[in-house]
Amino acid sequence: MDFRNAFNEVRRDTLLHAVKEHLPSIFPFISQCYASSSSLFYGTIPIPSLLGCQQGDPLGPALFSLIIQPIVAAMETELNIWYLDDGTVADSPAKVLASLATVSRMGEEVGLHLNHEKCELGILGADVDTTISILQQFREVAPGIQLMSLESATLLGAPITDQAIGAILTNKTEQLAKLSQRLRQLSSHSGFYLLRASISIPRLIYFLRCAPTWRNFNALTHYDTTLRDVLEGILNCSLSEDAWMQSSLPVKEGGLGVRHSVDVAIPCFLASVYRVLPLMDRLLPEDMRGTDVAITEGEERCAPTPEDTARLRALRDPYAGAWLNALPSPQLGTHLPNESFRVAIALRLGCDICQPHKCPCGAQVTARGYHGLSCRRSAGRWSRHSPRHARALRSAEVPCITEPPGCSRQDGKRPDGMTFVPWSRGKSLVWDYTCVDTYAPSHLSDTIRHQGAAASKAEERKKMHYAFLLDRFLFVPIAMETTGVWGQEGLSFIKEIGQRIVARTGQPNAGTFLRQRLSLATQRGNVASILGTLPAGKELDEIYYF
């Protein structure tokens, strides 16, 4: 649905009443702006403006939303989504028709009128006779409403049927061919610059992000063929298959930076979908949520392993790569040796680390070496538990002790540390740290779906194990995953330590440096864990000799 000249026609008396009712604190200011007419000028002739939000008013969208909210709330369709004056509703024909009548009636009461020629109706799953009957009913309420065909079914420029994908791709290809004639009238350098920066994939990127375009592979291939012809025409060069492939590489990698649509179609769509999933869950009705068929299909075409899925999901965490931002200084202890850096980078990128072999514990280790991260005989498990948190607290001038006596669990294990002075509410703080493996078989089913799932579970287990301390101390579980993802409680604790160090030293980056050091410690532990699964040197010699 679309309103005619919406912002300029809303009644100001209704606007002022809504502000007075819902936002009385700003009513005097809004009243000063809208209680009397404002003046527009045609040359020197003044024209009184009596309706609508004033052009350029930064509060305009908020005021308009305040007016239209009662109309949105009055509709009872299963799908009911609005962005200012653009609305989309979906349900059975009877409910949608009732909603359309509601919008038309309530809109006119506040000065809003539907632009029937710009409203569109899509009817799914009906035969021709039923479609005609439904359309006639709607045109009685909204004369001139347009019927969407399968080929023209779009929402805000994004196709909502597979047939519309093909139609849009065909149109985009024709536009590219037409623009190529104009580009050839420019110099080669200027034409190439415009093609790469604006006309090729940049003009297609919104479309690729909004729809599973790979379903129409032939149309994508035709678009790339046209793009190749345009590039050859501008450069006056015949591109071999190798040259065409090289042209898609970034400039810093030796290419031209002209991406191909068949290469970026799936990554564009999946990246966009996963970025907006939390918002989709808030907007869509509960029975419309869940994994979309297109998402599943795109993931299957990418064919990621569960470990790759968990790795990529974890690396979206803003602190997972903190170690990469650390200044590599041997004097500061923030420098990784070559082999350690290689293994850490390979873990981040999902590359092979070593030859497949058998761990001293008897388990088989793959080329990526993930087994070492969770192997109970791994040497790196202990290096990840070094007392860095205690040193950080001492830097914040908080005296503390590691493995405090009198806090043992029934199995004899003690927490990692305790402050000698009260931390908050007159109680000393006790903490216990753990580093859990994102790729461990016991965690993988959760980490492929939720970022930081293993760390969150580890924090809950820690709180259960040390629940007996809560009457005497404040207890904070600190959990971190091998990929660098923090548990929420542990991250909050580390941030608070950083703030206290900043307050004591005056160094504004102290919190950032602390997280970088802890992230580096985790990487060192990962490296030691993976390399600890390798056979001894003599065994290696025998393996390669035979």
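Notes on the structure follow. (Residues numbered from 1 in each chain as written. Predicted model: local features only at pLDDT ≥ 70, side-chain atom pairs only at ≥ 80, totals over all residues. Heavy atoms only, no water.)

**Focus on the overall build of the protein chain**
Here comes step 1: In terms of regular secondary structure, the protein chain is built from 23 helices and 14 strands.
Here comes step 2: Taking 546 residues into account, the globule formula puts the C-alpha radius of gyration at 24 Å, and the protein chain, at 31 Å, lies well above it.
Here comes step 3: With the principal axes as the frame, the protein chain shows a C-alpha extent of 85 × 70 × 55 Å.
Here comes step 4: Contacts spanning at least 24 positions in sequence make up 62% of the contacts within the protein chain whose residues lie at least 6 apart.
Here comes step 5: On the protein chain, roughly 30,000 Å² of surface is accessible, and the fraction owed to carbon and sulfur atoms is 55%.
Here comes step 6: Positive and negative charge centroids in the protein chain, built from 55 and 55 side chains respectively, lie 10 Å apart. (Helix = DSSP H or I, 4+ residues; strand = E, 2+ residues; numbered from the N terminus. Rg over C-alpha atoms; globule rule 2.2 N^0.38 Å. Contact = heavy atoms within 4.5 Å. Areas by Shrake-Rupley, 256 points an atom, 1.4 Å probe, with all protein chains shown as cover. Lys, Arg positive; Asp, Glu negative; His and termini not counted. Charge placed at Lys NZ, Arg CZ, Asp CG, Glu CD.)

**Details of the packing of helix H2 (residues 12-22) against helix H3 (residues 27-34)**
Between two packed helices, the angle of one axis relative to the other and the distance separating the axes together describe the packing.
Here comes step 1: It is the contact of H2 with H3, at a shortest axis distance of 9 Å, that shows an interaxial angle of 170 degrees. Between H2 and H3, the crossing angle belongs to the class labelled roughly antiparallel. From H2, Arg12, Leu15, Leu16, Val19 and Lys20 reach across to H3, where they touch Phe27, Ile30, Ser31 and Tyr34.
Here comes step 2: Its residues assigned to classes, the contact of H2 with H3 shows six nonpolar, one polar and two charged. (Axes fitted to C-alpha atoms, helices over the stretch in contact; angles between N-to-C directions. Parallel < 35°, antiparallel > 145°, perpendicular 65-115°, else oblique. Nonpolar A, V, L, I, M, F, W, Y, C, P; charged D, E, K, R; others polar.)

**Observations concerning the pairing of strand S14 (residues 474-481)**
Here comes step 1: Of all eight residues in S14, eight are buried; the element is thus mostly enclosed.
Here comes step 2: Both faces of S14 are covered, namely the face carrying Leu474, Val476, Ile478 and Met480 and the face carrying Phe475, Pro477, Ala479 and Glu481. (Buried < 20%, exposed > 50% of the residue type's maximum accessible area, 1.4 Å probe, protein only.)

**Observations concerning the packing of aromatic side chains**
Here comes step 1: On inspection of all chains with the given rule, the structure shows nine aromatic pairs.
Here comes step 2: For the ring pair Phe3 and Trp82, a centre distance of 6.2 Å and an interplane angle of 25 degrees mean the geometry is stacked. Here the residue Phe3 occupies a position in the segment before helix H1 (6-9), and Trp82 occupies one in strand S3 (residues 79-83), the gap between them amounting to 79 residues. The two residues Phe3 and Trp82 agree in class, both being buried.
Here comes step 3: Three or more aromatic residues joined by ring pairs form one cluster here, namely Trp423, Trp431 and Phe493.
Here comes step 4: The cationic tip of Arg500 hangs over the ring face of Trp423; the distance from NZ or CZ to the ring centre is 3.7 Å. (Phe/Tyr/Trp six-rings, centres within 6.5 Å; stacked < 30°, edge-to-face > 60°. Lys NZ or Arg CZ within 6 Å of the ring centre and 35° of its normal.)

**Some thoughts on the state of the cysteines**
Here comes step 1: The full count for this structure, using the stated rule, is zero disulfides.
Here comes step 2: Note on Cys354: no disulfide assigned, nearest cysteine sulfur contributed by Cys359 at a separation of 11 Å.
Here comes step 3: The exposure class assigned to Cys354 is buried, which follows from its relative accessible area of 18%.
Here comes step 4: You can see Cys375 has no disulfide; the closest cysteine sulfur is in Cys361, sitting 3.8 Å from it. (Disulfide = S-S within 2.5 Å.)

**Observations regarding the environment of Thr305**
Here comes step 1: Examined against the element boundaries, Thr305 turns out to sit in the loop between helix H13 (293-302) and helix H14 (306-314).
Here comes step 2: Distance from Thr305 to Ile266, taken between C-alpha atoms, is 16 Å for residues 39 residues apart in sequence.

**A few points about the pairing of strand S2 (residues 45-49)**
Here comes step 1: Here strand S1 (residues 38-42) pairs with S2 via five bridges, running antiparallel. Within S2, the position partnered with Phe41 by the bridge is Pro46.
Here comes step 2: Linking S1 to S2, which pair antiparallel, is a turn of two residues; within it Gly43 sits at a positive phi near 70 degrees. (Pairing = 2+ DSSP bridges.)

**Here's the deal with helix H12 (residues 261-283)**
Here comes step 1: The sharpest bend along H12 reaches about 55 degrees and sits at Leu277, with the proline Pro278 one to four residues further on.
Here comes step 2: Residues of H12 that are buried: Ser261, Val264, Ala265, Ile266, Cys268, Phe269, Leu270, Ser272, Val273 and Tyr274. (Bend = angle between axes of the 7 residues up to and from the residue.)

**Some thoughts on a nonpolar patch on the surface**
Here comes step 1: Taken together, Leu155, Leu156, Ile160, Ile205 and Tyr206 make up a surface patch of nonpolar side chains, about 490 Å² in accessible area.
Here comes step 2: Locating Leu156 in the fold gives a position in the loop between strand S7 (154-155) and strand S8 (158-159). (Patch = residues over 30% accessible without salt bridge, like charges linked within 9 Å, V, L, I, M, F, W, Y side chains within 5 Å. Salt bridge = Lys/Arg side-chain N within 4 Å of Asp/Glu carboxyl O.)

**Re a negative patch on the surface**
Here comes step 1: Residues Glu78, Asp91, Glu286 and Asp287 make up a contiguous surface patch of negative charge.
Here comes step 2: Residue placement: Glu78 occurs in the loop between helix H4 (60-74) and S3.

**A closer look at the pattern of salt bridges**
Here comes step 1: All told, the structure shown has 18 salt bridges when counted by the stated rule.
Here comes step 2: Where Asp432 meets Lys462, a salt bridge forms, and the shortest distance between an N and an O atom there is 2.4 Å. Here Asp432, found in strand S13 (residues 429-436), pairs with Lys462, found in helix H20 (residues 453-465); they are 30 residues apart in sequence, far enough to count as distant. In this pair, the class of Asp432 matches that of Lys462, namely buried.

**Looking at the sheet that holds strand S11 (residues 400-402)**
Here comes step 1: What the four strands build is an open sheet, ordered S11-S12-S13-S14; its pairing is mixed. The sheet is open, and its two borders are formed by S11 and S14, each paired with just one other strand. On average, each strand axis in the sheet is inclined to that of its neighbour by 20 degrees, with strand direction left out of account.
Here comes step 2: Bridging between S11 and strand S12 (residues 417-419) involves three bridges; their strand directions are antiparallel. The residue of S12 that forms the bridge with Ile401 is Met418.
Here comes step 3: The strands that H20 touches are S13 and S14; relative to S14, the one it contacts most, it runs at about 150 degrees.
Here comes step 4: Here helix H22 (residues 510-531) sits on the sheet and contacts S13 and S14; the angle it forms with S14, its principal contact strand, is near 55 degrees.

**Side note on the packing of H4 against helix H5 (residues 93-109)**
Here comes step 1: Two elements in contact, H4 and H5, have axes whose closest approach is 10 Å; the angle formed by their N-to-C orientations is 155 degrees. As far as their axial angle goes, H5 and H4 are roughly antiparallel. Between H4 and H5 the crossing geometry is right-handed. The residues of H5 that touch H4, namely those facing Pro70, Ile71 and Ala74, are Thr102, Val103, Met106 and Gly107. (Left-handed = near helix turned anticlockwise from the far one by under 90°.)

**Let's talk about H5**
Here comes step 1: Between its first and last C-alpha atoms H5 spans 25 Å; for 17 residues at 1.5 Å apiece the expected length is 24 Å, and the two agree.
Here comes step 2: The inward-facing, buried residues of H5 contact H4, S3, strand S4 (86-90) and helix H6 (128-141).
Here comes step 3: Phi for Gly111, located one or two positions after H5, is positive at around 95 degrees. (Expected span 1.5 Å × (residues − 1).)

**Topic: unusual backbone geometry**
Here comes step 1: Notably, Leu84 is not glycine yet its phi reads approximately 55 degrees, a positive angle.
Here comes step 2: Relative to the elements of secondary structure, Leu84 occurs in the loop between S3 and S4.

**Observations regarding the environment of Thr77**
Here comes step 1: Turning to its location among the elements, Thr77 is positioned in the loop between H4 and S3.
Here comes step 2: The exposure class of Thr77 is buried, given its relative accessible area of 9%.
Here comes step 3: Residues Thr77 and Asp91 lie 14 residues apart in sequence; the distance between their C-alpha atoms is 5.5 Å.
Here comes step 4: Apart from residues no more than four positions distant in its own chain, Thr77 is found in contact with Val89, Ala90, Asp91, Lys95, Val96 and Ser99.
Here comes step 5: For Thr77, the side chain forms a polar contact with the main-chain oxygen of Leu79, separated by 2.9 Å. (Polar contact = N/O pair within 3.5 Å; in protein donor to acceptor, adjacent residues only side chain to side chain.)

Honestly, that's just the spatial picture; any functional story needs more than this.
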